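So the chains spell out like this:
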Amino acid sequence: MLILGAANVSTGQLAKFVSRQEPIRLEHILASAAVPSIFPAVPIGEHGYWDGLFSDNPPVEELIRPRSVGPENVPEEIWVIKINPTTYSSVPERPETIFDRRNQMEGNISLFQQLDHLELLNDMLLDDAFRPEYLARFDIKAPIRIPKSFKTDPDRPYYIPWIEMPDEVQETLDYQGKIDRSPENINRLIELGEAAARTFLTQRAAAVAANPRLEGPT
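Treat the numbers as computed from the prediction; the structure is a model and nothing was measured.

### Topic: the overall build of the chain
Across its full length, the chain carries seven helices and eight strands. Counting all 218 residues of the chain, 36% fall into the buried class.

This is the structure we're talking about:
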């Protein structure tokens, strides 16, 4: 299942391209990555589209909706591969660093709002706020586990960590690196991503060993 989000420049609303509902085309992928001032809006039909970070990025909520993924594919966990740092070491002053930080914050705000909404739903599920027959309509048996920092409330039933680059690596990923398509830069990013994935899986295995409630299909 693949879900891509892009912002409709004319209407200001998020467009969600869902592989279960329509074939994913090249234009959908380009639109979901068309950051303004770097790439032009991508025409799809009668409208132009920019990167989805302006309205709903990523479309996390769609991942738990049976209408999007199908009743048999509703996940028990959501893993977020976080590419933008939450914090910044200093106040940016140059135009390119100001733009880069603004882009990071816009993407993070949308992501955090999505996860806060899921956290509210999880808390309501834990407090039995829904009738069993209503939950049965959506095949919901337990809260969706969503990422939390290892330092934040590890005893919650839906606790798992982020997948992201270490702070010291994030500080080396500058504005120019985002538009550098050289094989050297891309291969470096792949190596860093694989290292971050190994760290995540190692830490998660340790968390599951310490708290078996976290174990389950992914």
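### Some remarks on helix H7 (residues 183-210)
Taking 1.5 Å of rise per residue, the 28 residues of H7 would be expected to cover 40 Å, and the 41 Å separating its terminal C-alpha atoms lies within 8% of that figure. Taken together, the buried positions of H7 are Asn185, Ala196, Phe200, Arg204, Ala207 and Val208.

### Quick word on the nonpolar core
The biggest cluster of nonpolar side chains holds nine residues, and these are Leu4, Ala6, Ala15, Phe17, Ala31, Ala34, Val42, Ile44 and Tyr49. If sequence neighbours within four positions are ignored, Tyr49 has contacts with Ala6, Ala7, Asn8, Val9, Ala15, Ala31, Ala34, Ala41, Val42 and Ile44. Core analysis: the next-biggest nonpolar cluster, separate from the first, contains eight residues, Val60, Ile64, Leu115 and Leu118 among them.

### A short note on the side chain of Arg101
Position of Arg101 among the secondary structure elements: in helix H3 (residues 95-126). Although Arg101 is buried, it forms no salt bridge, and the closest oppositely charged side chain is Asp100 at an N-O distance of 8.0 Å. Reaching out from Arg101, the side chain makes a polar contact with the backbone oxygen of Pro85 at a distance of 3.4 Å.

### Here's the deal with the pairing of strand E2 (residues 14-18)
Sheet topology note: the strand E1 (residues 3-8)/E2 ladder contains five bridges and is antiparallel. Paired with Ala6 across the two strands is Ala15, which belongs to E2. Hairpin connection of E1 to E2: five residues between the antiparallel strands, including Gly12 at a positive phi of 75 degrees.

### Focus: the pairing of strand E4 (residues 47-51)
One ladder, built from three bridges, connects E1 with E4; its direction is antiparallel. Following the sheet pairing, Asn8 is matched in E4 by Tyr49. Judged from the three bridges that link them, strand E3 (residues 42-44) and E4 form a sheet pairing that is antiparallel. By the bridge assignment, Pro43 is partnered in E4 with Gly48. Hairpin connection of E3 to E4: two residues between the antiparallel strands, including Gly45 at a positive phi of 65 degrees.

### A look at the pattern of salt bridges
Any two side chains of opposite charge can pair, so long as their charged atoms come close to each other. Under the defined criterion, the tally for this structure stands at two salt bridges. For Glu27, the salt bridge identified is with Arg25, shortest N-O distance 3.4 Å. Since its relative accessible area comes to 31%, Glu27 is described here as partly exposed. Overall, the relative accessible area of 39% leaves Arg25 in the partly exposed class. Here Glu133 makes a salt bridge to Arg131, at a shortest N to O gap of 3.1 Å. Of the residues examined, Glu133 reaches a relative accessible area of 48% and is grouped as partly exposed.

What counts as what
Residues numbered from 1 in each chain as written. Predicted model: local features only at pLDDT ≥ 70, side-chain atom pairs only at ≥ 80, totals over all residues. Heavy atoms only, no water. Helix = DSSP H or I, 4+ residues; strand = E, 2+ residues; numbered from the N terminus. Buried < 20%, exposed > 50% of the residue type's maximum accessible area, 1.4 Å probe, protein only. Expected span 1.5 Å × (residues − 1). Core = buried A, V, L, I, M, F, W, Y, C linked by side-chain atoms within 4.5 Å. Contact = heavy atoms within 4.5 Å. Lys, Arg positive; Asp, Glu negative; His and termini not counted. Salt bridge = Lys/Arg side-chain N within 4 Å of Asp/Glu carboxyl O. Polar contact = N/O pair within 3.5 Å; in protein donor to acceptor, adjacent residues only side chain to side chain. Pairing = 2+ DSSP bridges.

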